[in-house]
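Per-entry structural report
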Amino acid sequence: MDLSGSSLNRSQSLASGLEKTSHTWNKPAHSQSSSTLSSRHSRQIIKDWEVIDDLQVEMQGAGDDPQDRTAPGICEGYLLKRRKWPLKGWHKRYFVLEGGILRYSKNQQDVARGRVQGSLDVSLAVISINKKSNRIDLDAGDILYHMKAKSHELFYIWVTKLQAHRLYKKNEAAHVHSSFLHTLSLPTAAEQAQRNGDLISHLDSLAHFILCLFYLYLVADFLCSFLFLFLRCQPEAVRRSSQGPPSVADSAAEYFDASDDILWGSSSEVSDESGLSDGSTTNSEPEEGHSGYTSISDQSLNPLVCFFTGKDLARVSMPAVLNEPINLLQRLCEELEYSELLDTANNTSDPYQRMVYIAAFAISGYSTATFRNRYKPVNPILGETYECIREDRGFRLISEQVCHHPPISACHADSENFSFWQDQRWKNKFWGKSLEILPTGMVNVTLPRYGDHYEWNKVVTCIHNVFSQQRYLEHYGEVIIKNLKSNICTCKITFVKSRYWGSETNKNEVQGVVLDQSGSAIHRFGGLWHEGIFCDTLPTPKCIWKPNPQPKDYLLYYGFSSFAMELNELPSDLKPLLPPTDTRLRPDQRMLEDGRVDEADIKKDKIEEMQRERRKELAKRGEEHVPRFFKRSKDSSGRDVWLTNGTYWKLRENPGFANLENLTLW
């Protein structure tokens, strides 16, 4: 609470004036219809309440004084708040009054995390007070707060501050016209947000236009590719006499840094062994001296079957305007936003209940996609890294782009309560109007207290109506969670695919079950992956997870959560400790975050060109890129995996990355 310096002196003088001017406040009329004891009691209760009159408040304030147009000091602290109907009684809540806006949370920690339970503009509210009971009521029409202070002194401080903040808001509005020219040269926060909104709207329209152009490119690519293939199922003599033009994919392969082969078959044809499909569906660039096309059977050449079916877009270089200023390496870190579920699991003795919390954590990683269907994350450069140290959550993470063909991002996080690692290979399949994203790596979590090692797969993410403003996203498929150290239980989670005739309320549904060794269900849970998960088979049925509330104006900032916004933070004391390959130092991504889209596009092209040149130089020497902080290994099932080599944090501490030779990526 702001109780120091000049703010305190002004508050005290206003508080004393509050007693002297209480007779100027409006008092409700007394009832004249009854003389019973209860009616006298009612009249007394009504008499105790006083409504602060707006006019009198403004008359007391020096409206022409520039000091009255400066924001009053912040007032914060605990007050009692009446429970919402039909619940009775009072509960303690932490209130913050800033800039004329009153908001509250359960505690001070929630305020710091942005977990706000409610907010109210005090300039729009009728303020009623009861001095005898230290009560303050704020009525803004659709919002009504009943508050109570624990002491008379605290009551007067809050009343005084509420008056000052309301006076500030009203005087601010009164001086809008006189400060109009100044406002044009120095936009207010609200106007800047509006401008940001307009910019986002224009960018969204531009993204839609570019996607339509890209759609036309795919049509041309398909036609050229099909013509090429058709001229090949022809005799050699005919081919010589009717040489067709090269495929658009061939001519543009160097620019796009990838071959754009057509993927044949259904979306389910994914190899369990490597996480990649067979030779006809690989998105790797062909080696020198080999054709960019794979052999395709005659039956596959029916245009009705293969038209855009499974077009792989994972390796296509997109314009910067289609990206969000978050990297895929940072997206891996986003999955730890609800790491407290792993903390809870490590402190839960029952193995079946532990599995429930592991399952809730696996589901929570998908909630970030709720408001993120407009843009795609930035593709990392080979050798790019990202570190995240969250002392408030007790973990630290390192991620690295370990492979370019196919693209593989690896990460590892450590905490006192868990270890978390994964390497993800994303494959995108375009189906004409929708885009499927198929992650093929496995997620791993170990809990040191019980020696558990959990492993699970990820489900398909699909963006529908890619070329429409009405895009929406869904996840579907099954997740199987196994404990590699114990077969006492397993878990199956089903992300239900929505149906065209289904209700809106049934979208984003997820169901889960924990099974014992015999296959009997021990726990069942379910809900919506964007709203929360409830388990009614625990000793105390409860909601085991729900997403954090979104920050203010989140739609103006790519739909980022507070956790996502913090991923790009670069404090001055952190910058010297990072290797120059860290994502936060990547210039095109930082330009994009700052709204300098044209500059970001130019810089992005240069960075990708530098990557191609490095690969060519390695190829000339017969060498391959060697990841710096991860090593290739095999998991228990014989799959290729990338594990930390344990050197990042040691090198960071001694001798420090500034004293080492580092890659130059940009």
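Thresholds, definitions, all that
Residues numbered from 1 in each chain as written. Predicted model: local features only at pLDDT ≥ 70, side-chain atom pairs only at ≥ 80, totals over all residues. Heavy atoms only, no water. Pairing = 2+ DSSP bridges. Helix = DSSP H or I, 4+ residues; strand = E, 2+ residues; numbered from the N terminus. Axes fitted to C-alpha atoms, helices over the stretch in contact; angles between N-to-C directions. Salt bridge = Lys/Arg side-chain N within 4 Å of Asp/Glu carboxyl O. Buried < 20%, exposed > 50% of the residue type's maximum accessible area, 1.4 Å probe, protein only. Contact = heavy atoms within 4.5 Å. Expected span 1.5 Å × (residues − 1). Phe/Tyr/Trp six-rings, centres within 6.5 Å; stacked < 30°, edge-to-face > 60°.

Remarks on the sheet that holds strand β2 (residues 75-82)
The strand order β1-β6-β7-β8-β2-β3-β4-β5 describes an open sheet built from eight strands, whose pairing is antiparallel. Looking along the sheet, the strands with just one partner apiece sit at the ends: β1 (49-51) and β5 (118-121). Direction aside, neighbouring strands of the sheet carry axes that sit 30° apart on average.

So, the pattern of salt bridges
All chains considered together, the criterion is met by 31 salt bridges. Asp 110 serves as the salt-bridge partner of Arg 115, at 3.9 Å between the closest nitrogen and oxygen. Close ionic contact of Arg 331 with Glu 324 constitutes a salt bridge, the shortest N to O distance being 2.9 Å. Its relative accessible area of 1% is what places Glu 324 among the buried residues.

Quick look at the environment of Phe 563
By the element assignment, Phe 563 lies in helix α14 (residues 562-566). Residue classification places Phe 563 among the buried residues on the basis of a relative accessible area of 2%. As a C-alpha pair, Phe 563 and Leu 336 span 227 residues in sequence and 9.4 Å in three-dimensional space. Excluding residues within four positions of it along the chain, Phe 563 makes contact with Cys 333, Glu 334, Leu 336, Glu 337, Arg 390, Arg 393 and Phe 395.

Some words on helix α16 (residues 597-620)
Turn by turn, an α-helix covers 3.6 residues, leaving residues three or four places apart pointing in a common direction. Spanning 24 residues, α16 covers 35 Å between terminal C-alpha atoms, matching the ideal 34 Å at 1.5 Å per step. Once α16 finishes, Gly 622 follows within two positions and takes phi at roughly 70°, a positive value.

Details of the packing of aromatic side chains
One pass over the full model with this rule turns up 15 aromatic pairs. Ring geometry for Tyr 648 against Phe 657: centres 5.0 Å apart, planes inclined by 40°, an arrangement best described as tilted. As far as the burial class goes, Tyr 648 and Phe 657 line up, both buried. Of the aromatic side chains, those joined through ring pairs into one cluster are Phe 629, Tyr 648, Trp 649 and Phe 657.

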